[in-house]
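A look at the structure
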Amino acid sequence: MVQTTPVGTQPARRLSPRREQTRERLMAAALTAFASRGVIGASVEEICEAAGFTRGAFYSNFADKEDLVVELLRYELETQLAAAAHAIATMKEQAHGDLSPETLVSLALSTFEIAGVNGRQGTLARQELLLYAARETRVRVAFTAFNQGCLAQVSDLIADAMRSARLEFTIDFADAMNLVIATHNQAQLDGLFHDGPVDSRALRVLILAITRPAGA
């Protein structure tokens with residue numbers, strides 16, 4: 001796993017291994033519950049029972065369910081950021097050979113989808129978390145803050161990938177980033193309605209359509 005700096009916040013205090021394991025189990029149980037019943041429909045009691053802990057264990061780790069949602073959103077963004085960093089590092093390892101830019105783009109996308117995969121349940125949970133954040137002001141403010149930090153790091157990664165693939169965008173960089181992210185998000189949503197891995201073909205087509213060889 002590629003290590004990343006938590007986005008939008010100060011570095012978290014170091015937790016004991018036991019405390020860290022408790023938090024991880026509670027968060028995993030919450031993702032399953034949220035994917036099945038939604039954030040509002042899933043209770044703290046249900047999450048605790050699934051994780052094998054008491055309410056006391058929950059509230060010693062999270063102030064409330066909103067606090068848990070914020071931590072899960074942060075975790076999801078950092079997981080995707082780590083997957084992107086891994087994909088681009090993998091691509092750069094091959095960029096000094098005779099592979100074409102098109103092949104390098106395909107390699108980066110396939111590596112990203114494999115590294116960042118979390119299945120139908122993960123996608124459902126992520127959508128529920130985002131909907132909850134859109135409705136609840138405190139969660140929305142926190143999410144917006146660290147999402148901006150994450151997007152800045154993703155932009156740096158994409159710029160590095162473009163240099164390595166010897167490509168440049170034919171449109172404004174910010175516009176290109178918006179299109180890439182929107183297409184990726186749509187592919188994730190489309191994956192909810194069919195079995196199998198997320199189809200990254202549309203994203204590949206988009207990237208190749210809005211790029212050209214550097215210096216052309």
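Throughout, a residue's number is its position along its own chain's written sequence, starting from 1. Side-chain atom pairs in this predicted model are given and counted only at pLDDT of 80 or more, local residue features only at pLDDT of at least 70, and totals for whole chains, interfaces and linings cover all residues. With hydrogens and water excluded, all non-hydrogen atoms of the structure serve as input to the side-chain values.

1. Some remarks on the pattern of salt bridges
- The term salt bridge refers to a pairing of a side-chain nitrogen on Lys or Arg with a carboxyl oxygen on Asp or Glu at a separation within 4 Å. Within the structure shown, the criterion is met by 11 salt bridges.
- Close ionic contact of R74 with E71 constitutes a salt bridge, the shortest N to O distance being 2.9 Å. Of this pair, R74 and E71 both sit in helix α4 (residues 65-94), separated by 3 residues, roughly a single helical turn. Residues R74 and E71 agree in their burial class; the two are buried.
- Between D160 and R163 there is a salt bridge, with its nearest N and O atoms 3.7 Å apart. Note that D160 and R163 are positioned in helix α7 (residues 137-164) at a spacing of 3 residues, about one turn of the helix.
- Exposure categories follow from relative accessible area, calculated using a 1.4 Å probe and restricted to protein chains: below 20% of the type maximum is buried, above 50% is exposed, and the middle band is partly exposed. A residue is classified by how much of its surface remains accessible, and R163, at 59% relative accessible area, is exposed. What counts as a helix is a DSSP run of H or I of at least four residues, what counts as a strand is a run of E of at least two, and both are numbered from the N terminus.

2. Comments concerning the nonpolar core
- If you look at the biggest cluster of nonpolar residues, it comprises 57 residues, and the most contacted ones within it are F34, I47, L68, V69, L72, L73 and L129.
- In contact with L72, other than residues within four places in its own chain, are M27, A30, L31, F34 and L129. Only buried residues count toward a nonpolar core. Its members are Ala, Val, Leu, Ile, Met, Phe, Trp, Tyr and Cys residues joined through side-chain atoms within 4.5 Å. Throughout, a residue-residue contact means that at least one pair of heavy atoms, one from each residue, lies within 4.5 Å.

3. With respect to the environment of L167
- Counting through the fold element by element, L167 comes out in strand β1 (residues 167-169).
- For L167, a relative accessible area of 10% puts it in the buried group.
- Each C-alpha atom, one on L167 and one on S16, is 45 Å from the other, the two residues being 151 residues apart in sequence.
- The contact partners of L167, leaving out residues within four places of it in the chain, are P101, V105, M162, T211, R212, P213 and A214.

4. Regarding unusual backbone geometry
- The phi torsion at R166 lies on the positive side, around 60°, for a residue other than glycine.
- Mapping R166 onto the fold places it in the loop between α7 and β1.

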